[in-house]
Amino acid sequence: MTFREQLCEYGRRAVELGLVIGTSGNLSVRDGDRIAVTPSGVALDKLTPEMCPIVDMAGRLVEGDLRPSSETPMHLAVYESTDAQAVVHTHSVFGTVVATTMTELPPVHYNTLLLGGVVRVAPYATYGTPELAENVRAALEGRRAALMANHGGVTIGATLEEAFEATRVLEWLCEVYVRAASIGKPTVLTDAQLAAVVERTLNPPEFPRA
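The following paragraphs examine the structure supplied in this document. Position labels on residues start from 1 in each chain and follow its written sequence. The predicted nature of this model means local features are confined to residues of pLDDT at least 70 and side-chain atom pairs, given and counted, to a pLDDT of 80 or more, with totals for whole chains, interfaces and linings taken over all residues. With hydrogens and water set aside, each side-chain value is computed from the structure's full complement of heavy atoms.

**Topic: the state of the cysteines**
Inference 1: The rule for a disulfide is simple: a pair of cysteine sulfur atoms within 2.5 Å. Within this structure, the stated rule accounts for zero disulfides.
Inference 2: In this model Cys52 remains outside any disulfide bridge; the closest cysteine sulfur is found in Cys8, 4.4 Å from its own.
Inference 3: Accessible area is worked out with a 1.4 Å probe on protein chains only. A residue is then buried under 20% of its type maximum, exposed over 50%, and partly exposed in between. Note on Cys52: relative accessible area 0%, which makes it buried.

**Comments concerning helix H5 (residues 160-183)**
Inference 1: For helices the rule is a DSSP run of H or I covering at least 4 residues; for strands it is a run of E covering at least 2, with both sets numbered from the N terminus onward. Under the convention used throughout, the expected extent of a helix is 1.5 Å for every residue step, that is, one less than its residue count. If you check H5, its first and last C-alpha atoms are 35 Å apart, about what 24 residues at 1.5 Å a residue would give, namely 34 Å.
Inference 2: Along H5, the positions that sit buried rather than exposed are Leu160, Ala163, Phe164, Ala166, Thr167, Val169, Leu170, Glu171, Leu173, Cys174 and Tyr177.

**Concerning the sheet that holds strand E1 (residues 26-31)**
Inference 1: Strand pairing follows a simple DSSP-based rule, namely that at least 2 bridges must link the two strands. An order of E4-E3-E2-E1-E5-E9-E8-E7-E6 is seen for the nine strands of this open sheet, with the pairing classed as mixed. One side of each edge strand has no neighbouring strand; the edge strands of this open sheet are strand E4 (61-63) and strand E6 (104-105).
Inference 2: Judged from the four bridges that link them, strand E8 (residues 145-148) and strand E9 (residues 152-157) form a sheet pairing that is antiparallel. Across the sheet, residue Leu147 finds its bridge partner in E9, namely Gly153.
Inference 3: The contact definition used throughout considers only heavy atoms, calling two residues in contact when any of these lie within 4.5 Å. To obtain an axis, a line is fitted to C-alpha atoms, over the contacting stretch when the element is a helix, and the angle between two such axes runs from 0 to 180 degrees between their N-to-C directions. Strands E1, strand E2 (34-37), strand E3 (54-56), strand E5 (86-90), E8 and E9 of the sheet are contacted by helix H2 (residues 72-81), whose axis makes an angle of about 40° with E1.

**Section: the nonpolar core**
Inference 1: Grouping buried Ala, Val, Leu, Ile, Met, Phe, Trp, Tyr and Cys residues that are joined through side-chain atoms within 4.5 Å yields what is termed a nonpolar core. The biggest cluster of nonpolar side chains holds 21 residues, and the ones touching the most others in it are Val78, Val136, Leu140 and Val154.
Inference 2: Top element by residues in this core is H2. It accounts for five residues.
Inference 3: With sequence-adjacent residues up to four places away left out, Val78 is seen in contact with Ala84, Val87, Val136, Leu140 and Ile156.
Inference 4: In this structure, Leu19, Val42, Leu47 and Cys52 belong to the second largest nonpolar core, which totals 19 residues.

Set out below in structure tokens:
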């Protein structure tokens, strides 16, 4: 499957899972110094491979007829500052709820570690601006996911599949927190408890053979 075909496939999945609405959200995949990105103003479930433009690391259009996503500067900033090979940006419901009310997503479940640690909320800035790109870049430092204040979420990965799975994990964690907060005060895991999970993952117990 080509990178452009992957954008179409995961764009459809994002719509099916309710992670985006209308023409919101955008995805990209890096191939060396070339970035395949979803176009501006097209619903992700309506994409065809030839619709997806390709830009260079300076944001210049090198292939395709449609205008790249307005969030392309953010994608480029992420690629410049991380080892990511794919970026997914969504406007999912629970992620956006947390992003409008919190400065970080409290670690109420150890799956937080799948995203590199406590998920930060990048300060608000207008979409498509250098300010937003810089805020997201900073929030992603050492992480696979970040939320964007009053906006949505962004995840990264070594592949588009990996970045998309991180999006699913992020939305699940946000939903757990929001639902828990609706019935009481969620219990937040401590740094020590999270460290114990890391230790157990790195050094799993051995089971005796029969």
